[in-house]
Amino acid sequence: MAKEKFTGVKGMNDMLPQDAAVWQYVQRTCIDVLERYGYQEIRTPILENTRVFTRGVGEVTDIVEKEMYSFVDSMNGDQLTLRPECTSAVVRAVNEHNLLYGTNQRLWYFGPMFRHERPQRGRYRQFHQLGAEALGMEGPDIDAEMIMMLARMWKALGVGPVRLEMNTLGALEERQAHREALIRYFEENQDVLDEDARRRLYTNPLRILDTKNPDMQALVEGAPKLLDFLGEKSRGFLNRLEELVSAAGIEYVINPRLVRGLDYYNHTVFEWITDRLGAQGTICGGGRYDPLVEMLGGRPAPGVGFAMGVERVIELLREVGQAPTSTQSDVYVIHHGGDTQTRALLLAEAMRDRGVRVIVHPGSGSIKSQMKKADASGAEFAVFAAGDELAQGKVAVKCLREHNNIVVPFAEQTLVDVDEAPAAIEAAVAAVRG
Ligand code: HAM
């Protein structure tokens, strides 16, 4: 019988051990920054009742119209959806557990999201977001602080220059007035609209502004601008946000065409974009969503948040040469079996007591083959627990790697007393790993 071959689901990736270091680096670096701003972790299930997203994200968005993995739970007939984003889920949880009762919340999350999109570089069907939601605070100070927090994350990660684009979507009434003006304008120019635009004309005319169709660019350029419909309060909100972001020395551009693909936004929207990743260059998007808490059944409370696409951030780190590589161990212990194996295992324990990552060669093998394994493990140092040296209470230590700019301990193979080896190697590892 032919062997059956199994592959993963299209657009859903395995994270392999060689990628672990960069994933953990992004998580650790961002969490460290989030904690400095008082954000706490929240985890919600990957499945939600479909209504959470149709209501939260909006019925006529691309996400809800064509990208959700939804199914009926065969056990009880419930309509469920694999979360395509987490803001609606977080708000659902906050409402359900009364987390805004007499207080506000600064929350972060990390995890997989699911959208049935056409897979390409930077666009996957399962992807990961690291996001934050600040609930119960009106802004624009909190919006600005969030931008500052993101600027700090990019710096800490070392992603290189990323462009901040901001816009305002104003208040609901202003958006409605603009929407009506847009519909009138597009109605007057029906002949220029493509099929997609005609379909959206009365459901989501704002999305027509996002069109990539070159034949519609002139039409879109001339369309009524929301900025012209904003009242004093909305203008003041944007002005203060700009003032604060500028005061923090963060460069930005106001992009009046930035609308975002989710319906819950009002006032602030923003994206961080890189030119180094081709078409999928938006590494982070977010904005204010004051109506959402009430839309999902809670007492009205404002909110603002963002989510970054972790795969895209990692790809960018690789592009700029800042992605740390995974290593399995700091030290690889080579031995000759029998009594030397016993000594090797015990020496490894003593090193691990000091926090050193150690692999002891499993089983037996020639020194040459053990050296090959040591090299492949990424270990900085090989320790030889063998031969006459060991009989005299000593092990040989050798650095396996080249380093520029630092004096490398054990660059030459050196004999060390077994009792002193753990401390000496701990210090050597600290010296080369920094
Ligand atoms: P979003 O713009 O849909 O916003 O997604 C945020 C980020 O997730 C994008 O900028 C992108 O980096 C990444 N992303 C989205 N789709 C994919 C995909 N198919 N493959 C890889 N990466 C992807 C939201 O999801 C909002 N919940 C953000 C937010 C939080 N707004 C307020 N709070």
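This one's a predicted model, so the numbers in the text were calculated from it and none came from an experiment. (Residues numbered from 1 in each chain as written. Predicted model: local features only at pLDDT ≥ 70, side-chain atom pairs only at ≥ 80, totals over all residues. Heavy atoms only, no water.)

*Asks:* Please provide a residue-by-residue account of the packing of helix 13 (residues 338–353) against helix 16 (residues 421–433), values included.
*Replies:* It is at 9 Å that the axes of helix 13 and helix 16 come closest, and there the two elements cross at 50 degrees. Judged by the angle between their axes, helix 13 and helix 16 are oblique. For helix 13 against helix 16, the interelement crossing comes out right-handed. Taking contact as the criterion, the partners of Leu347, Ala350 and Met351 in helix 13 are, on helix 16, Ala421, Pro422 and Ile425. For the contact of helix 13 with helix 16, the class distribution of residues is six nonpolar, no polar and no charged. (Axes fitted to C-alpha atoms, helices over the stretch in contact; angles between N-to-C directions. Helix = DSSP H or I, 4+ residues; strand = E, 2+ residues; numbered from the N terminus. Parallel < 35°, antiparallel > 145°, perpendicular 65-115°, else oblique. Left-handed = near helix turned anticlockwise from the far one by under 90°. Contact = heavy atoms within 4.5 Å. Nonpolar A, V, L, I, M, F, W, Y, C, P; charged D, E, K, R; others polar.)

*Asks:* Could you give me a rundown of the site of the ligand, with the residues and numbers involved?
*Replies:* Around the ligand, the structure places 26 residues, and the nearest of them are Glu85, Thr87, Glu117, Glu133 and Tyr265. At a separation of 3.1 Å, an oxygen atom of the ligand approaches a polar side-chain atom of Gln129. Protein burial of the ligand: of its 660 Å² of free accessible surface, 95% is covered by the chains. Going through the elements one at a time, strand 6 (126–135), strand 10 (282–288) and strand 11 (303–309) are the ones with two or more residues in the shell around the ligand. Across the shell around the ligand, the residue classes break down as 10 nonpolar, nine polar and seven charged. (Near = heavy atom within 4 Å. Polar contact = N/O pair within 3.5 Å; in protein donor to acceptor, adjacent residues only side chain to side chain. Areas by Shrake-Rupley, 256 points an atom, 1.4 Å probe, with all protein chains shown as cover.)

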